[in-house]
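Here's the letter readout for the chains.
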Amino acid sequence: MDPLNDDMFRLVVEPIDAAALVRHVRAGEDGAVVTFDGCVRNQSHGRPTLYLDYEAYEPMALAKIREIGAEMHARFRIHRVAIVHRLGRLQIGETSIFIAVSAPHRPAAFDACRFAIDTLKRTVPIWKKEYFEDGAVWADGELPPAPVEAPAAKPAS
Amino acid sequence: MRVKVLFFGRLKEIVGRAEDFADLADGSRIEQLFAHYGARHPELARFRASLVASHNHEFAAWSTPLHAGDEVAFLPPVSGG
């Protein structure tokens, strides 16, 4: 838990308790809680999936998720955020990520939740490997934006 | 100087390990560190355009200078969520 504003950002291996996250973000001053439940699909490009393995660069992934939470507060009039991503082996239908956002009014909660999952998918170092009957592949992903290359050092004057 | 190096996803499979320590000349940059591994693993070198590097948990330019004790990771396209 983040002591400053009661946000919650975690990487876990156990199943995600979505109802507990909703309860965590919801308070008397809120008029809306919007959630995103990302779950393991039973096929990939028409190929039946058996299960997925998720791995993360854990300290960096958690830091990047915290940055997303801070950016959500900066951009949207929201109250609390919970973002929990599960790692390890996940079966079809299980929740891999759950996001809950509370706000006094629903537009900010919808917008912030969408921002959170879209940004996470582009910038947080987590990977999934998809297992099929006849093999396994690393899922196609998105390349995070790298900083612009530093200009060549100027000669000392 | 010695730096810690991490590989993830398919890069870990190409290199055959998740973690390593590399000894580099002072003044080396991430580019030189990657070349050090690319020379040993040509398949890794071919991924140069489709990976990003991080330096002490921040995405970093290839020209980032390294210092003893730094942690560098090579990250393939991310697929969380």
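Residues numbered from 1 in each chain as written. Chains lettered and ligands numbered in written order. Predicted model: local features only at pLDDT ≥ 70, side-chain atom pairs only at ≥ 80, totals over all residues. Heavy atoms only, no water.

*Asks:* Quick rundown of the packing of aromatic side chains? Include the residues and the values.
*Replies:* Applying the stated criterion across every chain, the model contains 9 aromatic pairs over all chains. Taking 4.9 Å as the distance between ring centres and 15° as the angle between the ring planes, the aromatic pair formed by A:Trp127 and B:Phe8 counts as stacked. Taken as a pair, A:Trp127 in strand β8 (residues 126-132) and B:Phe8 in the loop between β1 (2-7) and α1 (9-15) lie in two separate chains rather than in one. Of the residues examined, A:Trp127 reaches a relative accessible area of 2% and is grouped as buried. Positioned over the ring face of B:Trp62 is B:Arg48, at 3.8 Å from the centre of the ring. (Phe/Tyr/Trp six-rings, centres within 6.5 Å; stacked < 30°, edge-to-face > 60°. Helix = DSSP H or I, 4+ residues; strand = E, 2+ residues; numbered from the N terminus. Buried < 20%, exposed > 50% of the residue type's maximum accessible area, 1.4 Å probe, protein only. Lys NZ or Arg CZ within 6 Å of the ring centre and 35° of its normal.)

*Asks:* Which residues make up the nonpolar core, and what are the values?
*Replies:* Ranked by internal contacts, the top residues of the largest apolar core, which has 32 residues, are A:Ile68, A:Met72, A:Ile78, A:Ile83, A:Ile99, A:Leu120 and A:Ile126. Secondary-structure elements contributing two or more residues to this core are β1 (8-12), β2 (32-39), β4 (47-56), α2 (58-75), β5 (80-86), β7 (95-103) and α3 (106-123) of chain A. Ranked by residues supplied to this core, first place goes to α3(A) with 8 residues. With residues up to four places along the chain from it excluded, the contact list for A:Ile126 reads A:Leu11, A:Tyr54, A:Glu55, A:Ala56, A:Ala61, A:His85, A:Leu87, B:Val78, B:Ser79 and B:Gly80. One finds B:Val3, B:Tyr37, B:Phe47 and B:Phe74 within the second-largest nonpolar core, a separate group that totals 21 residues. (Core = buried A, V, L, I, M, F, W, Y, C linked by side-chain atoms within 4.5 Å. Contact = heavy atoms within 4.5 Å.)

*Asks:* Quick rundown of the interface of chain B and chain A? Include the residues and the values.
*Replies:* With 27 residues of chain B at the contact, the number on the chain A side is 35 residues. Contact with chain A buries area across many residues of chain B, yet B:Phe59, B:Val78 and B:Gly81 alone supply 28% of it, more than any other trio. Applying the counting rule to chain B against chain A returns 3 salt bridges. B:Lys12 is the partner of A:Glu55 in a salt bridge, and the nearest nitrogen-oxygen pair spans 2.7 Å. At the boundary of chain B and chain A, one finds 17 residue pairs in polar contact (both at pLDDT 80 or more). Listing elements by their share of the side of chain B that touches chain A, those giving two or more residues are α1, β3 (52-55), β4 (58-60) and β5 (71-75) of chain B. Class assignment for the residues of the side of chain B that touches chain A results in 14 nonpolar, 8 polar and 5 charged. (Buried area = accessible area lost by both parts, 1.4 Å probe. Salt bridge = Lys/Arg side-chain N within 4 Å of Asp/Glu carboxyl O. Polar contact = N/O pair within 3.5 Å; in protein donor to acceptor, adjacent residues only side chain to side chain. Nonpolar A, V, L, I, M, F, W, Y, C, P; charged D, E, K, R; others polar.)

Everything listed is a geometric property; what it means functionally is a separate question.
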